[in-house]
Amino acid sequence: AEMLERIFLWLSPRDLKTVVLVCRRWMQVGETPGLWSWLASLTVNNIEMLTCRRFKAVSQLRVKRKLTMTNELLESIVRHPALKILNIAGTNLSAIDPDSLARAVNNVETADVTGTSLTAVQANAIFTAISEENKLRNLKIRNNDLSALKTGMLARAVHCLEYAEILSSTRLTAEQLSEIFTAICEGTKIRKIQIAN
């Protein structure tokens, strides 16, 4: 197995894709995540892709737009060992468990949840997790109604981020905006924030 793996390291990505189709033994060796390190980003259109051993080293994940998100797929995302960037923009998340969603978003360094039809409960869960834990550094959350967030929740979460993009159709209230700017003036990690309504 070790010798085959060394040989497979010399193969081009195209040849490696072909080699794993030759026989079960070659597929087993060819599935080693280290052989697929050239694959930094993955667009997922089904859960089987996430459970495939060869994709365990992928650090960027984009869930295909309009894919029906399930709690099972989200849990697979949470369990992905190397994931740093999660893009689930354009995916309807309204039926997803709020705590699972909050774990998935806060389990990466960068998350894009633009236009995901978040419910008020889901938004509260996400921003609560951000303010309590500190792994997430960059968040894009455009085209989601954030007006129902609890008072101070958004400001506490933004205080923990380095980059926040809260643009267009978020329906932030004047009170929420005031709290965000007060938190920024009092000192924060934030390096860049984009806000618009």
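Residues numbered from 1 in each chain as written. Predicted model: local features only at pLDDT ≥ 70, side-chain atom pairs only at ≥ 80, totals over all residues. Heavy atoms only, no water.

**Let's talk about helix 6 (residues 98–106)**
As a reminder, the rule being used: The rule is simple: take the accessible area with a 1.4 Å probe, protein chains only, and divide by the maximum for that residue type; under 20% is buried, over 50% is exposed, in between is partly exposed. Helix and strand definitions here come from DSSP, where helices need a minimum of 4 consecutive H or I residues and strands a minimum of 2 consecutive E residues; each element is numbered from the N-terminal end.
The element helix 6 is extensively covered by neighbouring structure, given that seven of its nine residues are classed as buried. For helix 6, the set of buried residues is Pro98, Ser100, Leu101, Ala102, Ala104, Val105 and Asn106.

**Notes on the pattern of salt bridges**
If charged atoms from side chains of opposite charge come close, those side chains can pair. How we decide: What makes a salt bridge here is a side-chain nitrogen of Lys or Arg within 4 Å of a carboxyl oxygen of Asp or Glu, nothing more.
Taken as a whole and assessed by the stated rule, the structure comprises eight salt bridges. For Glu75, the salt bridge identified is with Arg103, shortest N-O distance 2.6 Å. Here Glu75 is found in helix 5 (residues 71–79), whereas its partner Arg103 is found in helix 6, with 28 residues between them in sequence. Taking the relative accessible area as the measure of exposure, Arg103 reaches 42% and is therefore partly exposed. Salt-bridge contacts for Asp145 lead to Arg171; the nearest nitrogen and oxygen are separated by 3.4 Å. Separated by 26 residues along the polypeptide, Asp145 in the loop between strand 5 (138–140) and helix 8 (153–160) and Arg171 in the loop between strand 6 (163–166) and helix 9 (174–185) bring together distant segments of the chain. For Arg171, a relative accessible area of 56% gives the class exposed. One network of salt bridges, with partners in common, ties together Glu109, Arg137, Glu162 and Arg191.

**Description of the sheet that holds strand 2 (residues 60–63)**
Heads up, the condition is: Paired strands, in this sense, are two strands between which DSSP finds at least two bridges. To obtain an axis, a line is fitted to C-alpha atoms, over the contacting stretch when the element is a helix, and the angle between two such axes runs from 0 to 180 degrees between their N-to-C directions.
With respect to topology, seven strands assemble into an open sheet ordered 1-2-3-4-5-6-7, the strand pairing being parallel. Strands at the two margins of the open sheet, each flanked by one partner only, are strand 1 (41–44) and strand 7 (192–195). Each neighbouring strand pair of the sheet contributes to a mean axis angle of 10°, computed without reference to strand direction. Strand direction decides the pairing type here: strand 5 and strand 6, joined by three bridges, are parallel. Across the sheet, residue Leu139 finds its bridge partner in strand 6, namely Ala164.

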